[in-house]
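# A look at the structure
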Amino acid sequence: TVTSDSTNVLLTWCDSHVALSLGGVSLIGRRAEFTYFKFREMIPSDIGVRVKAATASMAQAIRRVLPFAKTNDTKTSRALRFTFEPSRLTVAAESSDRGASSDTVKIEYESDEILVGYDSRYIGEAVDAVHSAEVELTMDAKHGQDGPTVVRPVDSELPFKALHIVMPMRLG
């Protein structure tokens, strides 16, 4: 028990729960013990595909195509098709009840054409979270478009370099 300005704070815990009481408010939570997955092993060390683009342009393209990735049928995926070509990315989506849409973004990429499917929510949130003028997407040499994609800022003013790992979707 800690006393400060006539307010008592009580913190108690046991093997399975934690409780905090302050004035007339009590919070009780369950302690979770689990092994967090080894995300560092998912970050490619041997980069096979590297793409750079203006963050705002990529985010806007995703937002413009997003309504066509959503569907009223909950069994249908919300996939976005990313087609990487030399100097160009095409973001596309299609649904049976809303039609189709695509948008093109200028990118730095000079290799063979590849097609990658992403869940629209996950790729959209990852790109939106990049706080720099440019975003970089990398895929490893071993798995290519079938492996994880790392989304990160190219040159951020922030004191830390956040990165996001987005797993691809199978496109039907």
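On a predicted model such as this, the values are computed, not experimentally measured, just so you know.

### Some points on the environment of cysteine 14
- Counting through the fold element by element, cysteine 14 comes out in the loop between strand 2 (7–13) and strand 3 (17–22).
- On a C-alpha basis, the gap between cysteine 14 and arginine 30 in space is 9.6 Å, while along the polypeptide they are 16 residues apart.

### Quick word on the nonpolar core
- Within the largest apolar cluster, 30 residues are counted, with the highest numbers of intra-cluster contacts made by Leu80, Phe82, Phe84, Ile123 and Val151.
- Where this core is concerned, the elements lending two or more residues are strand 5 (47–54), helix 1 (55–69), strand 6 (79–85), strand 7 (88–95), strand 8 (99–108), strand 9 (114–119), helix 2 (120–128) and strand 10 (134–140).
- Top element by residues in this core is helix 1. It accounts for six residues.
- Beyond its immediate sequence surroundings of up to four residues, leucine 80 is in contact with Ile62, Val65, Ala69, Val91, Ala92, Ala93, Val116, Gly117, Tyr118, Ser120 and Ile123.

### As for the sheet that holds strand 10
- As summarised here, the arrangement of the eight strands in space is 9-6-7-8-5-10-11-12, forming an open sheet in which the pairing is antiparallel. Looking at strand neighbours, the two that pair on one side only are strand 9 and strand 12 (164–166), the edges of this open sheet. For this sheet, the mean angle separating the axes of adjacent strands, direction not counted, is 30 degrees.
- Where strand 5 lies against strand 10, seven bridges are found, and the strand directions are antiparallel. Within the sheet, the bridge partner assigned to isoleucine 47 lies in strand 10 and is aspartate 140.
- Sheet strands in contact with helix 1 are strand 5, strand 6, strand 7, strand 8 and strand 10, and its direction is about 170 degrees off that of strand 8.

### A look at helix 2
- All of the buried residues in helix 2 are Ser120, Ile123, Gly124, Ala126 and Val127. Seen from one end, helix 2 has its buried residues packed into an arc of 165 degrees, which puts them on one side.
- Close packing links the buried residues of helix 2 with helix 1, strand 6, strand 9, strand 11 (149–153) and strand 12.
- Two or three places before arginine 121, at the opening of helix 2, aspartate 119 has a side-chain oxygen 2.9 Å from that residue's backbone nitrogen.

### Focus on the packing of aromatic side chains
- Throughout the structure, instances matching the rule amount to three aromatic pairs.
- Each ring, one from phenylalanine 82 and one from phenylalanine 84, has its centre 6.0 Å from the other, and the planes form 45 degrees; the classification is tilted. Residues phenylalanine 82 and phenylalanine 84 agree in their burial class; the two are buried.
- Measuring from centroid to centroid gives 5.1 Å for phenylalanine 82 and tyrosine 118, while their planes differ by 85 degrees, and the two rings are edge-to-face. Pair noted here: phenylalanine 82 is in strand 6 and tyrosine 118 is in strand 9, with a separation of 36 residues, a long-range link.

Rules of the game
Residues numbered from 1 in each chain as written. Predicted model: local features only at pLDDT ≥ 70, side-chain atom pairs only at ≥ 80, totals over all residues. Heavy atoms only, no water. Helix = DSSP H or I, 4+ residues; strand = E, 2+ residues; numbered from the N terminus. Core = buried A, V, L, I, M, F, W, Y, C linked by side-chain atoms within 4.5 Å. Buried < 20%, exposed > 50% of the residue type's maximum accessible area, 1.4 Å probe, protein only. Contact = heavy atoms within 4.5 Å. Pairing = 2+ DSSP bridges. Axes fitted to C-alpha atoms, helices over the stretch in contact; angles between N-to-C directions. Arc of directions from axis to C-beta. Polar contact = N/O pair within 3.5 Å; in protein donor to acceptor, adjacent residues only side chain to side chain. Phe/Tyr/Trp six-rings, centres within 6.5 Å; stacked < 30°, edge-to-face > 60°.

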